[in-house]
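Residue-level structure breakdown
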Amino acid sequence: MAQETTEAQAGACPNRLLPPPPVDTSEQPPPGQPSPPPLPVPANPAGGARMAECGLVLPSGTPVPPELGTAASWLLQDMDTGAVLAAKDPHGRQRPASLIKTLLALAVIEELPPDKVVVPTVEDASQECTCVGIVAGSQYTVDVLVHALLMRSGNDVAHALATALGGVPTAVGKMNALAERLGATDTRAATPSGLDGPGMMTSAYDTSLIFGYAMRQPAYADAVGTKHLDFPGGTGEPSYPIYNDNKLWAAYAGFVGGKTGFTDDARHTYVGAAERDGKRISLVLLRAEQRPVLVSAQAMQLLDYGFALATAGTEPVGQVSTAPVSAPDATTAAQHSPAAAGSSMTDPFGTTGWIVTLIVIVIVGVGLFVAHRRGLLQRPE
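So, here's what we can say about the structure. Computed from a predicted structure; not experimentally measured.

What counts and how
- Residues numbered from 1 in each chain as written.
- Predicted model: local features only at pLDDT ≥ 70, side-chain atom pairs only at ≥ 80, totals over all residues.
- Heavy atoms only, no water.
- Helix = DSSP H or I, 4+ residues; strand = E, 2+ residues; numbered from the N terminus.
- Buried < 20%, exposed > 50% of the residue type's maximum accessible area, 1.4 Å probe, protein only.
- Contact = heavy atoms within 4.5 Å.
- Areas by Shrake-Rupley, 256 points an atom, 1.4 Å probe, with all protein chains shown as cover.
- Salt bridge = Lys/Arg side-chain N within 4 Å of Asp/Glu carboxyl O.
- Disulfide = S-S within 2.5 Å.

Some words on the overall build of the protein chain
Secondary structure assignment for the protein chain yields ten helices and eleven strands. Within the protein chain, buried positions represent 49% of all 381 residues. When contacts within the protein chain are restricted to residue pairs at least 6 apart in sequence, those whose partners lie at least 24 apart make up 68%. Counting every atom, the protein chain has about 17,200 Å² of accessible surface; 58% of that belongs to carbon and sulfur.

Structure follows, in structure tokens:
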């Protein structure tokens, strides 16, 4: 059966364990397979004690945010410090819709060279749309496909990139392995595109964490920051223009990029960031509605609210902290395949990962010391 609420959901935070029940059959597992169990809820919430609250989480003495917001969960983050400026049900588990494509893009950027040529299959080109229009048997570079994935949210492109990563189950396993390496404990991908599937979930905190990490990767930031691209036509066909579908490009000064999403179960989802007066603020919206105010307008109002809090120097209500990210390996990917989707590792990095991290720190420290002794370090400006 699809995800269902349990007695553990009936407390003050109704989505602490699972998203709301689905409205259709999209989350039913294949015949003979059980639905993945809920992800464990950490005893200590990532980001600090207040991140466990499921209502509005605001700095003391600050005004409430705009009243027109419809999102069940949201979070404002200072992208330079990781400070959580304000939030609503930050660890409440919701469905990501196409926001999960960020994890797919990161897995692709991590593993595949940008100039690698991908030849889509008929299955890749026949996905449930939104689609960019890839043509089976034609040739596309990974770089072009990543741009189309993030600019136009193409489900056909998502499937083609998943195939290039070794197939959909392997790609989803790599996405989940990356989420765990980042410390995103509320997040589980079930599909590479964000179409709903058994066990799919995330939270506003996790999405903010993943997006903040992604925006530090030049290839990702470049893709979400591209407004127009001439996308290759099929073999022998001319290119055609695709445009970034994020409405804040035309409406919000200082906007630097983001991602939109929608499914019947997830409703409207959004992540984006803007820069103003040297401050960079990101916003996540989950399970929002287009009425009475468009989601894009809600995003702009909350970004204004976030900049006001940052300018006023209010105390953060939490801290988005990305865990150390070790390089993926075959064992890690296998542990996060769909067959193992409900499992939880007490140490996601393993002893080897921590040893490697310590060695790197020691090497960097020795290098800095030697450079300093040689007088090669310049005083920062």
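Anyway, onward from the coordinates.
Regarding helix α5 (residues 204–214)
Where burial is concerned, most of α5 is hidden: eleven out of the eleven residues are buried. Looking only at α5, the buried set comprises Ala 204, Tyr 205, Asp 206, Thr 207, Ser 208, Leu 209, Ile 210, Phe 211, Gly 212, Tyr 213 and Ala 214.

Considering the pattern of salt bridges
Side chains that differ in sign of charge can pair as their charged atoms come close. Summed over the entire model, instances satisfying the criterion amount to nine salt bridges. Across the salt bridge formed by Asp 186 and Arg 93, the nearest N and O atoms sit 3.1 Å from each other. In this pair, Asp 186 is assigned in the loop between α4 (168–182) and α5 and Arg 93 in the loop between β3 (83–88) and α1 (101–111), connecting sequence segments 93 residues apart. Across this residue pair, the class does not change: Asp 186 and Arg 93 are buried. With its nearest N and O atoms 2.9 Å apart, the salt bridge here joins Arg 267 to Glu 289. Here Glu 289 lies in the loop between β10 (279–288) and α8 (295–312) and Arg 267 lies in strand β9 (residues 267–276), a separation of 22 residues in the sequence. Residue classification places Glu 289 among the partly exposed positions, given a relative accessible area of 30%.

Section: the state of the cysteines
Inspection of the entire model under this criterion finds two disulfides. Covalent S-S linkage joins Cys 13 and Cys 54, the inter-sulfur distance amounting to 2.5 Å. Looking along the S-S bond of the Cys 13-Cys 54 disulfide, the torsion reads about -85°, which is the left-handed sense. Of this pair, Cys 13 sits in the segment before β1 (56–57) while Cys 54 sits in the segment before β1, placing them 41 residues apart in sequence. In this model Cys 129 forms its disulfide with Cys 131; the gap between the sulfur atoms is 2.2 Å. Since a negative S-S torsion denotes a left-handed disulfide, the Cys 129-Cys 131 link at about -100° is left-handed. Relative accessible area serves as the criterion here: at 25%, Cys 131 is assigned to the partly exposed category. Numbered in order of appearance, the disulfide-bonded cysteines of the protein chain are paired 1-2, 3-4.

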